[in-house]
Structures are given as structure tokens and as C-alpha cells.
Amino acid sequence: MSTEIPVPDIGDFESIEIIEILVKAGDIINKNDPIVTLESDKSSVEVPSPFAGKISSLNVKIGDKVSKGSVLALIDNDELNEKKKSESKKKIEIEKTEVVEKEENILPVTEKIIKQAESTVVQKSKKTIPKKSYSNGNAADIDPIETQEWLDSLDAVLKQDGNDRAHYLLKKLTDEAYKEGFNKPLTRITPYINTIPPELEVKSPGDQNIERRIRSLIRWNAAAMVVKANKKNPELGGHIGTFASAATLYDVGMNHFWRGKNNKFGGDLVYFQGHSAPGMYARSFLEGRLSATQLGNFRQEVGVDGLSSYPHPWLMPKFWQFPTVSMGLGPVLSIYQARFTKYLINRGLIKDEGRKIWTFLGDGETDEPESLGAISLASREKLDNLIFVINCNLQRLDGPVRGNGKIIQELEGIFRGAGWNVIKVIWGSYWDQLLSKDKTGLLIKRMNECVDGEYQAFKANDGSYVREKFFGKYPELKDLVSSMTDRDIWKLNRGGHDPHKVYAAYDEAMKTKGKPTVILAKTIKGYGMGKSGESINITHQQKKLGEDDLLYYRDRFDIPLTDKQVKNIEFYKPDEKSDEIRYLKERRMKLGGNLPERTSFSKPIKKPEKDIFENMLKSSGEREMSTTMALVRMLTNLLRDKNIASRLVPIIPDEARTFGMEGFFRKIGIYAHEGQKYEPEDSEQLSSYREDKKGQVLEEGITETGAMSSFIAAGTSYTNHDLEMIPVYTFYSMFGFQRVMDLIWAAGDSQTRGFLVGATSGRTTLAGEGLQHQDGHSQILASTVPNCVSYDPTFAYELAIIFREGLRRMHEKQENVFYYLTTMNENYKHPEIPKNCEKGILKGMYLLKEFNNKGKTKVQLLGSGTILREIIFAAEILSKEYNIDSDVWSVTSFNELRKDGMMIERENLLNPGENLKKSYVEECLTNREGPVIAASDYMRSFADQIRPYTSKSFYSFGTDGYGRSDSRKNLRNFFEVDKKHIVAYTLSALAKEQLIPSKYAEEAIKKYNIDKKKPIPTLL
Ligand SMILES: Cc1ncc(C[n+]2csc(CCOP(=O)(O)OP(=O)(O)O)c2C)c(N)n1
Ligand SMILES: [Mg+2]
């Protein structure tokens, strides 16, 4: 029995054209296999078959217009049941093999390595909480006896029934209080003490003496590296204070937690705080990964084997993984990295090995909106593979981060409010005894009331100052420390410098499930630098230490160097056989490998066969479409290529419908880690909003910063996950480079591979949207990024040739470039690809048309993007009405032409005695007649870039100035890039060149009503 396959609900559309038929009579198909592709001027979607079976007949052909309910084909039901049965069997088999494969893939050796790594993480031993004496720490307590009764009850519950029961009761109490009208929200901020009480701390299995010695050596070498460089040349700069404050935070991770990448395990990913780079180099030096010469060449990268100022994968491609020094980028990039890791796992593309992403940032860095702006995504997506460590040294560059408040408390509230697990590491072990000895509650009270400006001052002074200013405020507290010397008081350490506290916090973070963790560690900026730079406002900038300071630093950290060696600022590395070096190497070996280290073992992706692009190379006939639509069509085709399909990562910040990409929702699904818990209101429709745990589209919501971070995560997957992915991030072109340029720069530094697509581009093409939407400069911004390859194509075939080459370069040849393509929303017909133009399309220009029949005078007309069409119209008018011949060039990329021009010019200048080489622009134009007229929908400087590479007179036109709303026609007239202005300006240019009399130009200006008095649009 045959069943009809009808067109499902396609939303608001009627009479939509069939542009492709994907099955024929006799084909046996699966459920959801595409039958036809429908295309309106707004979107392109495949219609899937609702059943499996054998197509018995097709009822439509290409070019037919269909609406909801139109019958596309008949499918044979007899086959249906058979097919269904075998399909479900097959499915079970597939599922089975997947599961089996997954388990088998985890080789016993891998398990061993993972277990070994985990075994360094000691399991928490259950300890009983000793009875605490609660007391009146709150001066506002009006009935201490009643308070004590409540506290005793709590104590009893905690002892008998544990934390969960206590938490339940507290919640019940608060809920009840709210019901009764209690209107003071309970704070998300806990007292200014460590989150993990000493009794619950998991102890480090490490040898603390050796670890301290190693840490001291790293401290010395890191500081020496900066001082040495600046002694050589004070221009070089550098930072000592940042790493000095963070050394313990890094050391504990390196010795015990962060697993390296090897052939059995993917490795943890660590985003190091940019300014702490010297510390990472210093450790690598001890590990034997960097030489003393390299350390001596810190911040010297020209002509010597030196080290980058900060983490730059571009400059140290085997070492650094993530560029983090532009503050705020590390945090947001790492959140999306953690999310992308889960995406790959949920899509079944990589194994879940329990890898973690660790991110280090400064407390000052949290001022950046990028640092905190995406933290809710991390908890919403339950990123328990993500751990932030915020080094709260209370200072940034100029002074305190929150002199009048407490940054740790502020951040605790923000992160806890956003749903993170917060672990505060404020006080070191020396405080434990004092805290337990204090029966008055005043110590916590005093800790709570002091602001960061005071805490900074305490550490800039000495023990007696702390005694007087901190403990001295309450006589009870003064008594508490009366038996301690000033030296003892000075020794009261901060949590972030205490390896035990740090270990316990990291251990807890590793075990946290279902949410991300932030560790707020209190430290001292410039720790150990003494009077020259500890906890003082100028610490951040301190890069020169005098001899006395260096000697103090050596003594402070027991570095076995003589005075003379110190004065020479020598690095220190103990013998390979020393306990320290053996210990350090053994720890890394146990943890599976080096860190940081950048490698890639990904396999190249074969570029798709030509036929995937074939229908884009043909004429669209009478059909009009935009290049954005052509792109969507191309991506739909690519999803049929077995090598490419699963690797495509379409990324969109809430604009899929604008770009006609909603067809992807049904076809490949929107990634959602929890799947879809609701039936979408449009579930009956073809482009229903379908969320799926295995979904492929990253629908980011309205965040270009987030979308760009996803682009970088996907585009660097070849190194971070050894798996090549192909991100295609499509955005409103105005909200791309202009909005997230710093991230795009970081994408270049990270050697990201992928396609950025600035859709709805061009200052006059996006007509109605106006000033803040109309982009006339993203191409120029793109030209500033060295490894960004950019094009502004006009026709579908150009786009196809460029895209295919992009895939070849990035994924077959594995070149570290990324592409920027501008596409438009203007509909027009697309011609068939002319012969022999592929090379020109890729190089940046090719001859599209010649008007040769008229004779006397000729002009070279160059057009890019949509303005090429104005140029073609202008060429026709010049030929028909003025007898002027022209060569019309399609310029696909002024940016690429400029790169070629620069290169050739430089080569010629470097080889003065040799025959001059021709730039590609010259090659194209030398034997052509007449001046050059070049125009685009971008600022004039876009076309101006090639002016130096031709000896011809050159006139460029573009859209300099602010955009505004109006029709395309009016806008092109306003910006003087329409066919009329091009005709008039061409005639004027020819007159200036004395090739025609000026009266023709004057007449044209009059004829086209061009107002000579109208100011240039940049002034309007
Ligand atoms: C986007 C950006 N703005 C400004 C700077 C300059 N800068 C470098 S370090 C620094 C202060 C950092 O303070 P914090 O985050 O607290 O780190 P710390 O050195 O104290 O650990 C500033 C302003 C930068 N690197 N990036
Ligand atoms: Mg700081």
C-alpha cells in the first residue's frame, strides 16, 4: 500500500519553490531522509520523509511551487514494515556497537593512567566534627540565651543526622519565615573564613619539604628572568609580583592535579593567568623543557630563541595553548571550552575521560565584563568540568581591587548567586588554632569587618602593626595573641600561600558534580619581595630589583647561590639527580605529561568532492537569491558529505531565522545538554525549534562574545581534542569584528581554523536597519588580522570556490588560517561560473566581462560584493550611451590582493638587480587600457589598498560615513556607489585623463540629478 508524503507545516510560507529533488522512484529510504529542498527568498529547508520505505512515485519536479499539504511523493507501505523492523534492529545493533566500542576504546592502560592520576587525589576520610562553642559574635544579639538554644539544636542535628538534614531544616525555616512575611533576603555570602573547615580538609600526599624547595627555586628563576631582561634593556618589562602571589596555586596543581596529554588521555586544559608566564617558564626550566639561554632571552623574540612575554600560541606553538593576557578573555574562552568539551562528548565525538578545564585569573581581572558575563552559562550547563581559581591578592595594577570592600566576599555572592560551587581559601593553617581558641566570636567578626585596603596595609607593614591594627581593636583579641611574638603574628599566613589549604580546595573542586567550581584564594601580591614590593601599590610594575632586594629574596627562599651569583642574576637549577628535580619530573610523569604543551594528532579532513558544490556553480536562471541563502544551501549540501557532515559546527547568536538557517533546527538539532524537556509550540512545523542532547547547532543566544568563544573552542579542537571541527559562525556583519575584535585577535593567536561569516553585510545593502547595523568596515578590520583570509564575493559560484578552498587549506592542508566571508541579503540572479576563473577568484580578482565593441576609450571597472552589480550596470550604460568600452573585474578580495602586492613589492625592493616581478594586480591590469574605477559597499580604503600596485590612474568609491535607514536605491545614491554615480564619476575621471571632453561628464551629472553641493557623506 502506498502512502503520501505531504509537505508539512512550513510556517508562514505559501507556494515555495522546489530547488532540489533528492530521491527517485524505486529508492529505499529511511525515516527523516530528505525528499526535496524547498527554498523561499528567506530560507532553504529540506523536507524529510516521515516514513521509511520505497519511493513508488514522485509527484513533483524542480521548479514546482508547493504549499503545506502538497503531495511530494508516494511511498510504498509494504516496504515500510519490513524496513521499520530491520531499521530498529539495525539501530539496536548500532547502539550496541557504539556502547561496546566506547568501553573497548578505554584500554586497560588508559584506565590505569587515569586511575594513577586520580590516586594522587586522596579520598576524603570521614571525620567527626568536634563540638564547637558558639557564642555571641554579633553585637546586635538581644537574647544570647535564646541564640545559644538555637545553636545547640543545630549542633545536635548536625551530629545526629548530618549536613543534609541540617540544610533541610534551615531551608524549611527560611521558607516558613518568607511565608510569614519575612522580607530580608538571606545573604549568599558566608563569613570571611575558609569554606572547608580544617577537620574536613583532605591532606596532600606530597612531600612538603621538597615541594617548598621546588617552589622556591621556581620563584627565584621567575623573578631573575624578569630582572635579568630588564638589566639588559629596561624597555623589555615584565612582572614579578603576579606570579610571586600565585606560586603555590600553580605548584599544587602541577604536582598533584593537572594531567598531561598523552596517547592514552586527552589531558586537562589550563588557562594560565597571562602575567604569571615567568613562573611557567621557570618550572619548565627545572623540568628541562627550556634552557637557561631561553630564560635569559625572556621577552626577546626577534632573531633569538627567546620566550614570549605572555602566553601566545602563535609565537610559541609547541608550548602555549591559550592566549590569556588580554584580561577577561581567559575566563570567557574557558567557559565555552568546557561547554564545547561536553558538546563533543554528548555528540559522541570524543570519550568522556573526566578531563577538567582550569582557569586562573586575577581578582582585578574580574572587573572585566567578559570575566563574569558568561558565568551563568557555566552553571546552567552544569559544567562540572570547569574550575576557576581566582588569585585574590587584593591588588590590581594601580592599587587595591576593592579597598573599601572585600573582593572575595563580593565574588562569593556573585558566583554563588550564579549557581557555582564556591570554595574560599582565605586563611592559612597558622590561623586554625587561633580560630578554634577564640571563644568570643570576635576573631571572625574582626575578619569580617576589615576591608581589603586594611588587609593590604597589614602585609605592607609588620607583625607589630598587625597586632595593633587588627587584633588591637578588641581587648579580647589582643589577649588571644598576647603570647605570640610579632614574628609569630607575621607568620599567620594567607590561604593561597598554604599548600595544605590549596590542596584541600582543589581536591574538593575535582570531586564536585553537577556544577562548576570557583576557588577564591587570598594571597599577597609580590609575596616574598619584602619592602621592595610586597603588598604595596607599585608591586605590579616592579620589574627591577636592586642587589639588596635580590639578596633578601635569595635568603627569604633559601636559594643556594653565592652573593656573587646573585649579583650576576644567575638562574639556579639543581643537579638532575637531586631530590627536587627527580621529584618534580616524577610528579609530571605520574600525571601523564607536560603542561603547558601544545600538540595536535588530529587527522586531516578530506575536502568534499566537487559535486557537493556543483549546483552553486550553475546559473540560478530566473531565480533570485542572496549570497547568505547560497551559503545556507551550501552548508545543507555539506551536511550530506560523509567526511564533513559530523564536523560542521554551525554557530549563531540568535539570528538563525534572519539568515534563513532555521532549517538546521529540525535537520541537525540545536545542542542542549539536557535534551528537550518540553514539546516546542511549533513542533508540527518543518523548522521546529528542536533541541537535542546530540544537537549540532550552537544557538548561543544573544552573545557574540560567547559565540566567538565557541568558534575558537571548535576551531582549535584539532589541538585541544585532537579532532578537527569546522566551525561556521554566522553573524550580523556589524556585530562581528567591531564587537569582538579582541577575541578575533585571540582566535588568530590561537591558530583557530574555521569560517566567520558576516551576513547581511554592506553599508547600503542592509537597507532599513540604519546606522548601528550597516557595516562598511568589517572587511577593513579583517585585513588587520595577519592569518585571516577574507573575501567579499558577489556570486554563489565565487562563494562555493572560496569555501571549498578554505576547507582544503584549513582542513586538508591544515594551514593555521581562518576565513572571513561577507554575505548579503540582497536577492539577485547568479550567473554560471565563467571559464578559467577559479584561480582569479581565489587570488582576489578576475575578468568577468569585456565591453569591446564600441571603440575609442576604455576604462577598467573593478567591483566587489553587491556593488559589482552596480558596476556591471554602469558598464552597460557607458557602452550603450557613451560608446565607452570597459573591462569589468570581479574583485573577490581587495585584502588578498593587497597581501600579494605587498609581498611582491618587498621582494622587488630586496632584489634591486633582478627583473621586477609583477604583483597579481599588475598582472591583471598592465595590458589593459584606461584608468581604474574601483567600488565596493565598504569604505574607500578597502579598494584603496591596491592603489600602489598599479601604475594606472586609480579612483575609488565606497561608503565612508555613518549608515542610515532607507531603501537600497536611496542609500546607494546617498553614498554615491550606484550605477548613476559610477557612470558620472567614470566620465569625469576619463575627462580628467583627457580621454574624453568634460562636457559628457557635466551632462551626466545633470542628467542624474547629482547635487554637487551635497557634502561628502562622512560629514553627514
Ligand atoms: C584588557 C586588558 N586591560 C588592561 C590590561 C593591563 N593590565 C595588565 S595586568 C593588570 C592588573 C591585573 O590585576 P589582577 O587581575 O588583579 O592580577 P594580579 O597581577 O594582581 O594577579 C592590568 C590592568 C590587560 N592586560 N588587559
Ligand atoms: Mg590582583
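Our structure's up above, just so we're on the same page.
Residues numbered from 1 in each chain as written. Chains lettered and ligands numbered in written order. Predicted model: local features only at pLDDT ≥ 70, side-chain atom pairs only at ≥ 80, totals over all residues. Heavy atoms only, no water.

K.L.:
Would you explain the overall build of the protein in this entry?
P.N.:
Along the protein, the regular secondary structure elements total 37 helices and 28 strands. In terms of overall dimensions, the protein is globule-like: its C-alpha atoms have a radius of gyration of 34 Å, near the 31 Å expected for 1020 residues. Across its three principal axes, the protein shows a C-alpha extent of roughly 105 × 80 × 60 Å. Of all 1020 residues assigned to the protein, the portion counted as buried reaches 57%. For the protein, restricting intrachain contacts to residue pairs at least 6 apart in sequence, the fraction spanning at least 24 positions comes to 77%. With the model as given, the accessible surface of the protein reaches about 43900 Å², and the carbon-plus-sulfur share is 51%. (Helix = DSSP H or I, 4+ residues; strand = E, 2+ residues; numbered from the N terminus. Rg over C-alpha atoms; globule rule 2.2 N^0.38 Å. Buried < 20%, exposed > 50% of the residue type's maximum accessible area, 1.4 Å probe, protein only. Contact = heavy atoms within 4.5 Å. Areas by Shrake-Rupley, 256 points an atom, 1.4 Å probe, with all protein chains shown as cover.)

K.L.:
So what exactly am I meant to see when it comes to the sheet that holds strand E6 (residues 53-58) here?
P.N.:
Strands pair in a sheet through their backbones, by hydrogen bonds, and they do so in one of two ways: parallel or antiparallel. Spatially, four strands are ordered E1-E8-E6-E3 in an open sheet, and the strand pairing comes out antiparallel. In the strand order of this sheet, the two ends are held by strand E1 (2-6) and strand E3 (28-29), each with one partner. Pairing of E1 with strand E8 (residues 71-76) involves five bridges; the strand directions are antiparallel. The residue bridging Ser2 from the neighbouring strand is Asp76, located in E8. (Pairing = 2+ DSSP bridges.)

K.L.:
Sorry, what's going on with the coordination of the magnesium ion (ligand 2) here?
P.N.:
Under ideal tetrahedral coordination, the four donors around a metal are separated by 109.5 degrees; under ideal octahedral coordination, the six donors are separated by 90 or 180 degrees. Bound to the magnesium ion (ligand 2) on the protein side are Asp363 (OD), Asn393 (OD1) and Gln395 (O), at distances that span 2.0 to 2.1 Å. Sequence spacing of the donors to the magnesium ion (ligand 2): D-x29-N-x1-Q. Judged on exposure class, the residue Asn393 and its partner Gln395 are both buried. (Donors = N, O, S within 2.8 Å, 3.2 Å for Na, K, Ca; no water.)

K.L.:
How do you make sense of the packing of aromatic side chains when you look at a structure like this?
P.N.:
The relation between two aromatic rings is expressed through the spacing of the ring centres and the mutual angle of the planes. By the definition in use, this model includes 53 aromatic pairs. Measuring from ring centre to ring centre gives 6.4 Å for Trp220 and Tyr553, while their planes differ by 35°; the resulting arrangement is tilted. Highlighted residues: Trp220 in helix H4 (residues 208-232) and Tyr553 in helix H19 (residues 547-556), separated in sequence by 333 residues. Accessibility classification places Trp220 together with Tyr553 in one group, the buried group. Ring centres of Phe243 and Tyr250 lie 6.1 Å apart, and the angle between their planes is 20°; this geometry places the pair in the stacked category. Across the pair, exposure class does not vary: Phe243 and Tyr250 are buried alike. Between the NZ or CZ atom of Lys228 and the centre of the ring of Phe571, over which it lies, the distance is 5.2 Å. One residue, Lys406, lies across the ring of Tyr192, its end atom 5.0 Å from the ring centre. (Phe/Tyr/Trp six-rings, centres within 6.5 Å; stacked < 30°, edge-to-face > 60°. Lys NZ or Arg CZ within 6 Å of the ring centre and 35° of its normal.)

K.L.:
How do you make sense of the layout of surface pockets when you look at a structure like this?
P.N.:
If a probe the size of a water molecule is rolled over the atoms, the empty space left behind becomes visible. Taken as a whole, the second largest pocket encloses approximately 930 Å³ of empty space. Contributing elements (two or more residues each) for the lining of the second largest pocket: H4, helix H14 (452-460), helix H17 (486-491), helix H18 (499-511) and H19. For the lining of the second largest pocket, the element with the most residues is H4, which contributes six residues. Looking at the lining of the second largest pocket residue by residue, the classes come out as eight nonpolar, eleven polar and twelve charged. (1 Å grid on protein atoms, 1.4 Å probe; cavity = no way out; pocket = protein on both sides within 12 Å on 5 of 7 lines; lining within 4 Å. Points joined across faces, edges and corners; volume = space filled by probe spheres on them. Nonpolar A, V, L, I, M, F, W, Y, C, P; charged D, E, K, R; others polar.)

K.L.:
What exactly am I supposed to notice about the pattern of salt bridges here?
P.N.:
Working definition: two side chains of opposite charge can pair if their charged atoms are close together. For the structure shown, the criterion picks out 59 salt bridges. Notably, a salt bridge pairs Glu287 with Arg289, separated by 3.9 Å at the nearest N-O pair. By relative accessible area, Glu287 is classed as buried at 9%. Judged by relative accessible area, Arg289 falls into the partly exposed class, the value being 21%. Measuring nitrogen to oxygen at the nearest pair gives 2.7 Å for the salt bridge that ties Lys585 to Glu576. With relative accessibility at 32%, the residue Lys585 sits in the partly exposed group. By sharing partners, the salt bridges in this structure join Arg215, Asp251, Arg283, Glu287 and Arg289 into a single network. (Salt bridge = Lys/Arg side-chain N within 4 Å of Asp/Glu carboxyl O.)

K.L.:
Would you mind going over the nonpolar core with me for this structure?
P.N.:
Across soluble globular proteins, you tend to see nonpolar side chains buried next to one another. Counting 88 residues, the largest nonpolar core has Leu638 and Phe803 as its most contacted members. Residue contacts for Leu638: discarding those within four places in its chain leaves Pro608, Ile612, Phe613, Ile644, Ala645, Leu648, Phe803 and Leu807. By size, the runner-up hydrophobic cluster in this structure holds 83 residues, among which are Ile335, Ala374, Ile408 and Val466. (Core = buried A, V, L, I, M, F, W, Y, C linked by side-chain atoms within 4.5 Å.)

K.L.:
Help me out: how do you make sense of unusual backbone geometry in this one?
P.N.:
The amide bond that connects Leu595 to the next residue, Pro596, takes the cis arrangement and shows omega of -10°. Positive phi, close to 50°, is recorded for Ile569, a residue that is not glycine. Located in the positive-phi region is Asn1009, a residue other than glycine, with phi close to 55°. You can see Asn1009 is positioned in the segment after helix H37 (998-1007).

K.L.:
Is there a simple way to explain the state of the cysteines in this structure?
P.N.:
Simply put, the disulfide is a covalent bond whose two ends are the sulfur atoms of two cysteines. In this structure the tally under the stated criterion is zero disulfides. For the unlinked cysteine Cys392, the closest cysteine sulfur is that of Cys450, found at 17 Å. By relative accessible area, Cys392 is classed as buried at 0%. Among the residues examined, Cys450 registers a relative accessible area of 0% and is labelled buried. (Disulfide = S-S within 2.5 Å.)

K.L.:
Just to check I follow, could you spell out the pairing of E6 for this structure?
P.N.:
Remark: a regular strand shows side chains that alternate across the two faces of the sheet. Summarising the sheet, E3 and E6 pair through two bridges and their orientation is antiparallel. Looking at the pairing, Ile29 lines up with Gly53 of E6. Of the strand pairs in this sheet, E6 and E8 are connected by four bridges, and their pairing is antiparallel. What sits directly across from Ser57, in E8, is Leu74.

K.L.:
What is the right way to read the site of ligand 1 from this model?
P.N.:
Taken together, 18 residues are adjacent to ligand 1, and Thr242, Asp363, Gly364, Glu365 and Lys525 come closest. Here His540 contributes a side-chain N or O atom positioned 3.4 Å from an oxygen atom of ligand 1. When isolated, ligand 1 has an accessible area of 590 Å², and the protein chains bury 76% of it. Along the lines of polarity and charge, the residues of the shell around ligand 1 split into three nonpolar, ten polar and five charged. (Near = heavy atom within 4 Å. Polar contact = N/O pair within 3.5 Å; in protein donor to acceptor, adjacent residues only side chain to side chain.)

K.L.:
Please explain the packing of helix H12 (residues 430-437) against helix H13 (residues 442-449) as it appears in this structure.
P.N.:
Two packed helices can be described by the angle between their axes and the distance between those axes. Where H12 contacts H13, the two axes come as close as 8 Å, and the packing angle between them is 120°. Between H12 and H13, the crossing angle belongs to the class labelled oblique. The residues of H13 that touch H12, namely those facing Trp431, Leu434 and Leu435, are Leu443, Ile444 and Met447. Across the contact of H12 with H13, the residue classes break down as six nonpolar, no polar and no charged. (Axes fitted to C-alpha atoms, helices over the stretch in contact; angles between N-to-C directions. Parallel < 35°, antiparallel > 145°, perpendicular 65-115°, else oblique.)

K.L.:
Sorry if this is basic, but what is going on with the sheet that holds strand E28 (residues 954-957) here?
P.N.:
What the five strands build is an open sheet, ordered E24-E26-E25-E27-E28; its pairing is mixed. Among the strands making up the open sheet, the edge pair consists of strand E24 (845-851) and E28. Between one strand axis and the next, the sheet turns by 20° as a mean value, whatever way the strands run.

K.L.:
Please clarify how H4 should be interpreted in this entry.
P.N.:
Residues that lie three or four places apart on an α-helix share one face, since the helix turns once every 3.6 residues. Compared with an ideal rise of 1.5 Å per residue, which puts 25 residues at 36 Å, H4 spans 36 Å between its outermost C-alpha atoms and is within 8% of the ideal. The element H4 is extensively covered by neighbouring structure, given that 18 of its 25 residues are classed as buried. Taking the backbone nitrogen of Asn209 as reference, a side-chain oxygen 3.0 Å away marks Asp207 as the first, capping residue of H4. (Expected span 1.5 Å × (residues − 1).)

K.L.:
I keep staring at empty space enclosed by the protein and nothing clicks. Help me out?
P.N.:
In this structure the tally under the stated criterion is eight cavities of 30 Å³ or more. At the level of secondary structure, the elements contributing two or more residues to the lining of the largest cavity comprise H14 and H17. Among the elements that line the lining of the largest cavity, the one with the most residues is H14, at three residues. The residue inventory of the lining of the largest cavity, partitioned by class, reads nine nonpolar, no polar and two charged.

K.L.:
Help me out: how do you make sense of the side chain of Thr892 in this one?
P.N.:
Structurally, Thr892 is set in the loop between strand E26 (884-891) and helix H32 (894-910). Classification of Thr892 as buried rests on a relative accessible area of 0%. Looking at Thr892, its side chain comes within polar contact range of the main-chain oxygen of Ile841, at 2.7 Å. Those residues in contact with Thr892 that lie beyond four places of it in its chain are Tyr791, Asp792, Pro793, Glu798, Ile802, Gly840, Ile841, Gly844, Met845 and Tyr846.

K.L.:
Just checking my understanding: could you explain the environment of Lys543 for this structure?
P.N.:
Tracing the backbone shows Lys543 in the loop between strand E13 (517-522) and H19. Along the sequence, Lys543 and Ala229 sit 314 residues apart, while their C-alpha atoms lie 9.2 Å from each other. Setting aside chain neighbours within four positions, we find Lys543 in contact with Val226, Val227, Asn230, Gly237, Gly238 and Ile240. Side-chain polar atoms of Lys543 contact the backbone oxygen of Gly238, separated by 3.3 Å.

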